[in-house]
Amino acid sequence: MDQFIDADGKWWFETIVPGLYPGRTRHYHVKVQRPGGTVLTTQLYFANEPGNERGRIFNAALVLDIRATSDGKFGRYDFIVA
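Along every chain, residues carry numbers that run from 1 in the direction the sequence is written. In view of the model being predicted, local features appear only for residues whose pLDDT reaches at least 70, and side-chain atom pairs are presented and counted only at 80 or more, with totals across whole chains, interfaces and linings using the full set of residues. No hydrogens and no water enter the side-chain calculation; it runs on all heavy atoms of the structure.

A.B. asks: Please clarify how the overall build of the protein should be interpreted in this entry.
C.D. replies: By the criteria applied, helices consist of DSSP H or I runs no shorter than four residues and strands consist of E runs no shorter than two, each listed in order from the N terminus. The secondary structure content of the protein amounts to one helix and four strands. Taken from N to C terminus, the helices and strands of the protein fall in the order β-β-α-β-β. Reported as C-alpha extents along the three principal axes, the dimensions of the protein are approximately 35 × 35 × 20 Å. Within the protein, the proportion of its 82 residues that are buried is 22%. Any two residues whose heavy atoms approach within 4.5 Å at even a single point are treated as in contact. Considering only residue pairs separated by 6 or more positions, the protein has 20% of its internal contacts joining residues 24 or more positions apart. The accessible surface values rely on the Shrake-Rupley method and a 1.4 Å probe; as for residues, cover is taken only from the protein chains in view. Carbon and sulfur atoms make up 53% of the accessible area of the protein, which amounts to about 7,100 Å² in all. Under the counting rule used here, the positive set is Lys and Arg, the negative set is Asp and Glu, and His together with the chain ends is not counted. By convention, charge coordinates are those of NZ in Lys, CZ in Arg, CG in Asp, or CD in Glu. Separation between the mean location of the 10 positive side-chain charges and that of the 9 negative ones in the protein comes to 8 Å. Note on exposure labels: buried denotes an accessible area under 20% of the residue type's maximum, exposed denotes more than 50%, and partly exposed covers the range between, all computed with a 1.4 Å probe on protein chains only.

A.B. asks: Would you take a moment to explain the environment of Val-30 for this structure?
C.D. replies: Of note, Val-30 is situated in strand S1 (residues 27-32). Residues Val-30 and Leu-44, spaced 14 residues apart in sequence, show a C-alpha to C-alpha distance of 7.4 Å. Residues contacting Val-30, with those up to four places away along its chain left out, are Leu-40, Thr-41, Thr-42, Leu-44 and Phe-79.

A.B. asks: I would appreciate a short explanation of the pairing of strand S4 (residues 72-76) in the present structure.
C.D. replies: Successive residues of a regular strand alternate their side chains across the two faces of the sheet. When strand S3 (residues 65-69) meets S4, the two strands line up antiparallel, connected through five bridges. By the bridge assignment for S4, Arg-67 is matched with Phe-74. Between S3 and S4, which pair antiparallel in sequence order, lie two residues. The criterion for strand pairing is that DSSP finds at least two bridges linking the strands in question.

A.B. asks: What is the right way to look at the side chain of Asn-52 in this model?
C.D. replies: Residue position: Asn-52 is located in helix H1 (residues 50-54). The exposure class assigned to Asn-52 is buried, which follows from its relative accessible area of 7%.

A.B. asks: Help me understand the pattern of salt bridges in this model?
C.D. replies: Pairing between side chains becomes possible if they bear opposite charge and their charged atoms approach one another. For salt bridges, the criterion is a side-chain nitrogen of Lys or Arg within 4 Å of an Asp or Glu carboxyl oxygen. Within this structure, the stated rule accounts for three salt bridges. Here Arg-26 and Glu-49 are joined by a salt bridge, their closest N and O atoms 3.0 Å apart. Taken together, the residues Arg-26 in the segment before S1 and Glu-49 in the loop between strand S2 (40-45) and H1 connect sequence positions 23 residues apart. Of the residues examined, Glu-49 reaches a relative accessible area of 16% and is grouped as buried. Of the charged contacts, one joins Asp-78 and Arg-76 as a salt bridge, the two residues approaching to 3.0 Å between their closest N and O atoms.

Printed below as a string of structure tokens:
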């Protein structure tokens, strides 16, 4: 599904926390692209997951900032695309 930024350059989606499965730490797959630019395909991870330590492609720079809100949790990651 394609999603686009708003007038402030923000976007969001609603989902669930992925389940555990063998061999990988929890993560979301994302693709980001500025208009006319190349597509960045990456993954966003969760802090303090046991699988992070042993993940071969885990990157601490790609950890979501997750905070509790009045209606659940909100995860944030700031992409800068040039």
